[in-house]
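Spelled out, the chains give:
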Amino acid sequence: MTKPSSNQFWGEDLTCVRGERIVFQSLNFELTPGGALILIGPNGSGKSSLLRMMAGLLQPAGGKMLWAEEAGEPEDASQDMDLHGGRLHYVGHHDAVKPVLTAAENIGFWARIRGGGEDTIHESLDVFDIKHLYDVPGRFMSAGQKRRVNLARIIAAPAPLWLLDEPTTALDKATIKRLEDAIQRHRDGGGMVVLSTHSDVDTPGSKTLNLADFASKAPLDEHVMV
Amino acid sequence: MAKFMELVKRDLALAFRQGMDSLMVVAFFIIAVVLFPFGVGPEVNTLAKIAGGTIWVAALLSSMLSLERLFQTDYDDGSLELLALAPIPLEVTVLAKVVAHWLTTGLPLIITAPLLAVLMQLPMDGFGTLILALALGTPTLSLIGAVGAALILGSRRGGVLLSLLVLPLYIPILIFGVSAVDAAIFDEAVRPHMLFLGALFVGALALTPWAAAAGLRQALE
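What comes next concerns the included structure.

A closer look at the interface of chain A and chain B
Facing the 28 residues of chain A at the interface are 26 residues of chain B. In this assembly, chain A packs against chain B so that about 2,500 Å² is buried in total across both faces, 61% of it on carbon and sulfur atoms. Considering only the side of chain A, the residues that lose the most area to chain B are Asp82(A), Lys98(A) and Ile113(A), jointly responsible for 25% of the buried surface there. Where chain A touches chain B, the interface holds five salt bridges. A salt bridge links Asp74(B) to Lys98(A), with the shortest nitrogen-to-oxygen separation between them at 2.6 Å. Summed over the shared surface of chain A and chain B, the number is 10 residue pairs in polar contact (both at pLDDT 80 or more). For the side of chain A that touches chain B, the elements supplying multiple residues, two or more each, are helix H1 (47–55), helix H2 (81–87), strand E6 (88–91) and helix H3 (103–112) of chain A. Tallied by class, the residues present in the side of chain A that touches chain B amount to 14 nonpolar, five polar and nine charged.

Below, the structure written as structure tokens:
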């Protein structure tokens, strides 16, 4: 197990505006080493938007996100996207599995551009029980298998923060259990996890954030746009 | 640098296994040029006069043909988000994709061009210059094209929009590319035209990765 790190990641007073409509506002969150945050809320409440915001793909319309390392000054996470991107793994709605590349090539590429090695590819295939897909091209994989390859990618090159947008989509029960175990190991090593879900993912000791609590109650023109 | 090569290798692997893209570009290039002798007649002098221009215009059009897919497939399957999040500056990623694009489309065009020059009765004096001008000009086409390809992400009918955005910007390359070939044929100085092509290439190399990366960030929001 790697040395527990003491990274912290938090957001203050975040506002998300999509298509001139406030999706959520005055949202605060905080993640400490080993922490997990479960995002719940009805469709359109901004779970995916918040995850994309945390990843740096979406700029907050208001508020800020901060990242602090051991004994370091907190820094604005949205300032240096390359630096921030290196700290996190994002699993979105798309699986980013190329149809003409095999599972090993797909995972290997993402691992190598993050400085991972060949040995971690086998390990990551093991975690999600897809060794048999090693040399199978993406076009012959089912939706669940592609999702497993996508999840194996985040095992193959370590990063302290995992942002998982409905990771259990298309997964069978046994694989959801494997994902829960992987998340637990990641947290034991000091990693942080944020995931959005509609089904139950067993993450002991996690905090829950209901996005519906931060929905805009007033029309847009009463707010100051940033 | 190792990561840059990794990106180029991936795009090359994708291009070769997805197969037909490069071949289609070359096939289009050949067919487009071959149409001209049918259109203007097989008279040697007429063909020789328009040879340089025809080959250049056909090269512009065929290089544009494959631009739409430069970022589109990565955008559709979510790879682009992950590339943006990778600890590599997005500008470098863009440059790697442009290099791969040029290797799979620009380079085959340069290799095919002499054959078409024979077909178009281009005088022998122009051959070397044509190849050299294409070698200087086609990377610029890929670079400028990358900006257009980034801007059309997420729009419908992207292909048509792309040609409207990119073709006007190709005009300077066309002008200096053709005048270089003409200068060689009429035994005038080729060097100034080549210098202009070189300047366009260096300028595009310095500016377009930033513009394209900004376009990609916009598309991902």
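A few points about helix H2 (residues 20–40) of chain B
Residues and elements named next belong to chain B. The terminal C-alpha atoms of H2 lie 31 Å apart, and with 21 residues this matches the ideal 30 Å at 1.5 Å per residue to within 8%. Here H2 has its buried residues at Ser22, Val25, Val26, Phe29, Ala32, Val33 and Pro37. For H2, the buried positions fall inside an angular range of 150° around the axis, keeping them on one side. Counted as exposed and oriented over 90 degrees from the buried face of H2: Met20, Leu23, Ile31, Leu35, Phe38 and Gly39. Looking at the buried side of H2, the elements it contacts are helix H3 (44–65) and helix H6 (90–119). Where H2 ends, the next residue or the one after it, Gly41, has phi of about 90°, a positive value.

Things to note about empty space enclosed by the protein
Following the criterion strictly, the structure yields four cavities of 30 Å³ or more and no others. Roughly 50 Å³ of volume is contained in the largest cavity. If you trace the largest cavity, you find it lined by His89(A), Tyr90(A), Trp110(A), Arg114(A), Arg153(A), Leu82(B), Leu85(B) and Ala86(B). Within the residue set of the lining of the largest cavity, elements represented by two or more residues are E6 of chain A together with helix H5 (79–85) of chain B. Volume-wise, the second largest cavity comes out at about 40 Å³.

Re helix H4 (residues 69–76) of chain B
Residues and elements named next belong to chain B. Every buried residue of H4 is accounted for by Leu70, Phe71, Gln72 and Asp74. Along its buried surface, H4 packs onto helix H1 (2–18), H5, H6, helix H7 (125–151) and helix H9 (191–220). One or two positions beyond H4, positive phi appears at Gly78, with a value near 85°.

Some thoughts on the sheet that holds strand E8 (residues 192–196) of chain A
Residue and element names in this part refer to chain A. Read from one edge to the other, the open sheet built from five strands follows the order E6-E7-E8-E3-E9, with strand pairing classed as parallel. Only two strands of the sheet have a single partner each, and these edge strands are E6 and strand E9 (207–210). Averaged over all adjacent pairs, the angle separating strand axes in this sheet is 15°, with direction ignored. Strand direction decides the pairing type here: strand E3 (residues 36–40) and E8, joined by four bridges, are parallel. Looking at the pairing, Ile38 lines up with Leu195 of E8.

Here we look at unusual backbone geometry
Across the chain, the bulk of peptide bonds are trans and the bulk of non-glycine residues have phi less than zero. All names here are of chain A. Backbone geometry places Glu20, a non-glycine residue, at a positive phi of 60°. Inspection of the secondary structure puts Glu20 in the loop between strand E1 (8–18) and strand E2 (21–31). Positioned with a positive phi, Ala170 is a non-glycine residue whose angle comes to about 70°. As for its placement among the helices and strands, Ala170 is situated in the loop between strand E7 (161–165) and helix H6 (173–188).

Focus on the layout of surface pockets
All names here are of chain B. Of the pockets and cavities examined, the second largest pocket occupies roughly 390 Å³. Taken together, 19 residues make up the lining of the second largest pocket; nearest its centre are Ala15, Gln18, Asp21, Arg69 and Thr73. Breaking the lining of the second largest pocket down by element, the ones donating at least two residues are H1, H2, H4 and H6. Among the elements that take part in the lining of the second largest pocket, H6 stands out by supplying five residues, more than any other. Among the residues forming the lining of the second largest pocket, the class breakdown is five nonpolar, seven polar and seven charged.

Brief notes about the sheet that holds E2(A)
Residues and elements named next belong to chain A. Across the sheet, four strands lie side by side as E2-E1-E4-E5; this open sheet has antiparallel pairing. Looking along the sheet, the strands with just one partner apiece sit at the ends: E2 and strand E5 (75–76). Across six bridges, E1 lies against strand E4 (residues 62–68) in antiparallel orientation. Paired with Gln8 across the two strands is Ala68, which belongs to E4. Against the sheet, H1 contacts E1, E2 and E4, and its axis sits at roughly 125° relative to E1.

Remarks on the pairing of E4(A)
All names here are of chain A. Most of E4 is tucked away: five of the seven residues are buried. Sheet topology places E4 next to E5; two bridges connect them, and they run antiparallel. By the bridge assignment for E5, Trp67 is matched with Glu75.

Cut-offs applied
- Residues numbered from 1 in each chain as written.
- Chains lettered and ligands numbered in written order.
- Predicted model: local features only at pLDDT ≥ 70, side-chain atom pairs only at ≥ 80, totals over all residues.
- Heavy atoms only, no water.
- Contact = heavy atoms within 4.5 Å.
- Buried area = accessible area lost by both parts, 1.4 Å probe.
- Salt bridge = Lys/Arg side-chain N within 4 Å of Asp/Glu carboxyl O.
- Polar contact = N/O pair within 3.5 Å; in protein donor to acceptor, adjacent residues only side chain to side chain.
- Helix = DSSP H or I, 4+ residues; strand = E, 2+ residues; numbered from the N terminus.
- Nonpolar A, V, L, I, M, F, W, Y, C, P; charged D, E, K, R; others polar.
- Expected span 1.5 Å × (residues − 1).
- Buried < 20%, exposed > 50% of the residue type's maximum accessible area, 1.4 Å probe, protein only.
- Arc of directions from axis to C-beta.
- 1 Å grid on protein atoms, 1.4 Å probe; cavity = no way out; pocket = protein on both sides within 12 Å on 5 of 7 lines; lining within 4 Å.
- Points joined across faces, edges and corners; volume = space filled by probe spheres on them.
- Pairing = 2+ DSSP bridges.
- Axes fitted to C-alpha atoms, helices over the stretch in contact; angles between N-to-C directions.

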